[in-house]
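Summary of structural features
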Amino acid sequence: MALSPVENNEVCLTFFHSAWNTGVVLEDLLASDAIDHSFVGGKTKSEPGSESFKQIVGMFRHAMPDIQITILDEIFAADKVVHRWSLTGTDTGGVMGMPASGKSLTFTGTTTVRMNDEGKIAERWANVDELGLLQQLGVVPPPPGA
Amino acid sequence: MNRIEQNKITIIRFFECFTHDASLEFQENWIHEDVQFILSFAHLSGLTQVKNLFLKERSVFENLNYNLVQSNIVVEEFSGAAFWNMTGKQVYSWNGIPATFNEVNVPGASLFSFDDNGKIKEVRIQIDMFSFMTQLNAIKKLYDF
């Protein structure tokens, strides 16, 4: 049975808090045919199942073991949930294969989720300020005057 | 028409302002005079600055379009979100980046806040800047990753 929009949001909050703050991806909150859409390195990737999301979370938690998500905005209606968020952590393990910088990093993004009729996460679309992250790491120079 | 339906129409209308032939008249009827427009690289304040942004983006990017899918617009009574793909050809300088004549196709999201009268009072833009800058030949990587 489909959940209410408020309940859908609660499922998403539980899922993302658990994944980012503890590293536990709660697979029972995901639909069996879930699809994950992400924009990484300027490319769009759409992959089935939880592996893609687990990989992203695992990579960042390895790089920043103290990483924490803060939900800045929550918008939900019908079967959709939208979160604007920030992630903050200390780069002690090296992001994206780069040497550890020891810096405290913060980056922002939005995530949209489509819930299915069983109250499970069926699709996730993420949009992340990768450029902001890379500028903090010194991989890409900041814009002039910044 | 209920408040939520009206908000959805306002969001669609907002994105239509970026297309070259859209009217920019009477915007004060649905955008708050003190609207805040927040991007990762800029913070615009007030309707005049937002109107200027529409005009500037239209002139820099030929055939500028924000491709919206209705099902990707999520609306509540006082807030809303929309997911889009921006397309266009950069024919003039943009924020110091000389015209590349490149076609760009960039995904992004906008989050809206509405006041009691249904006017847009805040827009936050999350655009895939890395992809955008790469397509404008503006990324200078210090090393590969």
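Residues numbered from 1 in each chain as written. Chains lettered and ligands numbered in written order. Predicted model: local features only at pLDDT ≥ 70, side-chain atom pairs only at ≥ 80, totals over all residues.

Right, let's talk about the overall build of chain A for a bit. A count of helical and extended segments in chain A gives three helices and six strands. When the helices and strands of chain A are placed in sequence order, the string is α-β-β-α-β-β-β-β-α. Computed over C-alpha atoms, the radius of gyration of chain A comes to 16 Å, within 12% of the 15 Å expected from 2.2 N^0.38 for 146 residues, which places it in the range of a compact globule. Seen along its three principal axes, the alpha-carbon backbone of chain A occupies a region of about 50 × 30 × 25 Å. In chain A, which comprises 146 residues, the proportion classed as buried is 34%. (Helix = DSSP H or I, 4+ residues; strand = E, 2+ residues; numbered from the N terminus. Rg over C-alpha atoms; globule rule 2.2 N^0.38 Å. Buried ≥ 20, exposed ≤ 12 C-beta atoms within 10 Å, placed from the backbone.)

Moving on: the pairing of strand S1 (residues 31-38) of chain B. Residue and element names in this part refer to chain B. Judged from the four bridges that link them, S1 and strand S6 (residues 120-127) form a sheet pairing that is parallel. If you follow Ile-31 over to S6, its bridge partner there is Ile-120. Between the antiparallel neighbours S1 and strand S2 (residues 43-45) lie four residues. (Pairing = 2+ DSSP bridges.)

With 28 residues of chain A at the interface, the matching set in chain B holds 28 residues. Going through the elements one at a time, strand S3 (68-77), strand S4 (80-90), strand S5 (104-115), strand S6 (121-128) and helix H3 (130-137) of chain A are the ones with two or more residues in the side of chain A that touches chain B. Each residue belonging to the side of chain A that touches chain B can be placed in one class, and the counts come to 14 nonpolar, nine polar and five charged. (Contact = placed C-beta atoms within 7 Å. Nonpolar A, V, L, I, M, F, W, Y, C, P; charged D, E, K, R; others polar.)

Looking only at H3(A), the buried set comprises A:Glu130, A:Leu131, A:Gly132, A:Leu133 and A:Leu134. Next to the buried residues of H3(A) lie S5 and S6 of chain A together with helix H3 (129-135) of chain B.

Bringing the sheet that holds strand S5 (residues 103-114) of chain B into the picture now. All names here are of chain B. With mixed pairing, the six strands of this open sheet are ordered in space as S2-S1-S6-S5-S4-S3. The outermost strands of the open sheet, each flanked by one partner alone, are S2 and strand S3 (61-75). If you compare each strand with its neighbour and ignore which way they point, the axes differ by 20 degrees on average. Sheet topology note: the S5/S6 ladder contains seven bridges and is antiparallel. By the bridge assignment for S6, Ser-113 is matched with Glu-122. (Axes fitted to C-alpha atoms, helices over the stretch in contact; angles between N-to-C directions.)

This part is about unusual backbone geometry. All names here are of chain B. Of note, Asn-95 is a non-glycine position whose phi angle comes to about 50 degrees, a positive value. Of the residues examined, Asn-95 has 13 C-beta atoms within 10 Å and is grouped as partly exposed. The phi dihedral of Asn-137 falls on the positive side, at around 55 degrees, and the residue is not glycine. Relative to the assigned elements, Asn-137 resides in the segment after H3.

With that out of the way, let us pick up the nonpolar core. The tendency in soluble globular proteins is for nonpolar side chains to be buried as a group. Ranked by internal contacts, the top residues of the largest apolar core, which has 58 residues, are B:Val74, B:Ala81, B:Ala82 and B:Ile120. Among residues more than four places away in sequence, those in contact with B:Ala82 are B:Ile11, B:Leu68, B:Asn72, B:Ile73, B:Ala109 and B:Ser110. (Core = buried A, V, L, I, M, F, W, Y, C linked by C-beta atoms within 7 Å.)

Now for the pairing of S3(A). Residue and element names in this part refer to chain A. Across nine bridges, the pairing between S3 and S4 is antiparallel. When the sheet's bridge partners are listed, Ala-77 is paired in S4 with Lys-80. Here S3 hands over to S4 after two residues, with Ala-78 in that stretch at a positive phi of 50 degrees.

Turning to the environment of A:Ser18, a few remarks are in order. Residue and element names in this part refer to chain A. Structurally, Ser-18 is set in helix H1 (residues 5-22). Here Ser-18 falls in the partly exposed class, since 16 other C-beta atoms lie within 10 Å of it. On a C-alpha basis, the gap between Ser-18 and Gln-68 in space is 9.9 Å, while along the polypeptide they are 50 residues apart. Discounting chain neighbours no more than four positions away, the residues touching Ser-18 are Val-24 and Leu-26.

This part takes up the environment of A:Val128. Residue and element names in this part refer to chain A. When you line up the elements, Val-128 lands in strand S6. Residues Val-128 and Ser-86, spaced 42 residues apart in sequence, show a C-alpha to C-alpha distance of 9.5 Å. Each residue touching Val-128, except ones within four places of it in the same chain, is listed here: Phe-39, Phe-107 and Gly-109.

So, about the confidence of the model for chain B. Low pLDDT marks regions whose predicted coordinates should not be analysed in detail. Chain-level statistics for chain B give a pLDDT mean of 90 and a share of 96% at 70 or above. Under the prediction, the complex receives an ipTM of 0.84, its pTM being 0.89. (pLDDT = per-residue confidence, 0-100.)

Let us look at H1(A). Residue and element names in this part refer to chain A. With 18 residues, H1 should cover 26 Å at 1.5 Å per step; its first-to-last C-alpha distance of 25 Å lies within 8% of that length. The set of residues buried in H1 consists of Asn-8, Asn-9, Cys-12, Phe-15, Phe-16, Ala-19 and Trp-20. Projected down its long axis, H1 shows its buried positions confined to an angular sector of 130 degrees, all on one face. Seen from the open side of H1, the exposed residues pointing more than 90 degrees away from its buried face are Val-6, Thr-14 and Thr-22. Tucked inside the fold, the buried residues of H1 contact helix H2 (51-63), S3, S4, S5 and S6. A positive backbone phi angle near 85 degrees is found at Gly-23, which sits one or two residues after H1. (Expected span 1.5 Å × (residues − 1). Arc of directions from axis to C-beta.)

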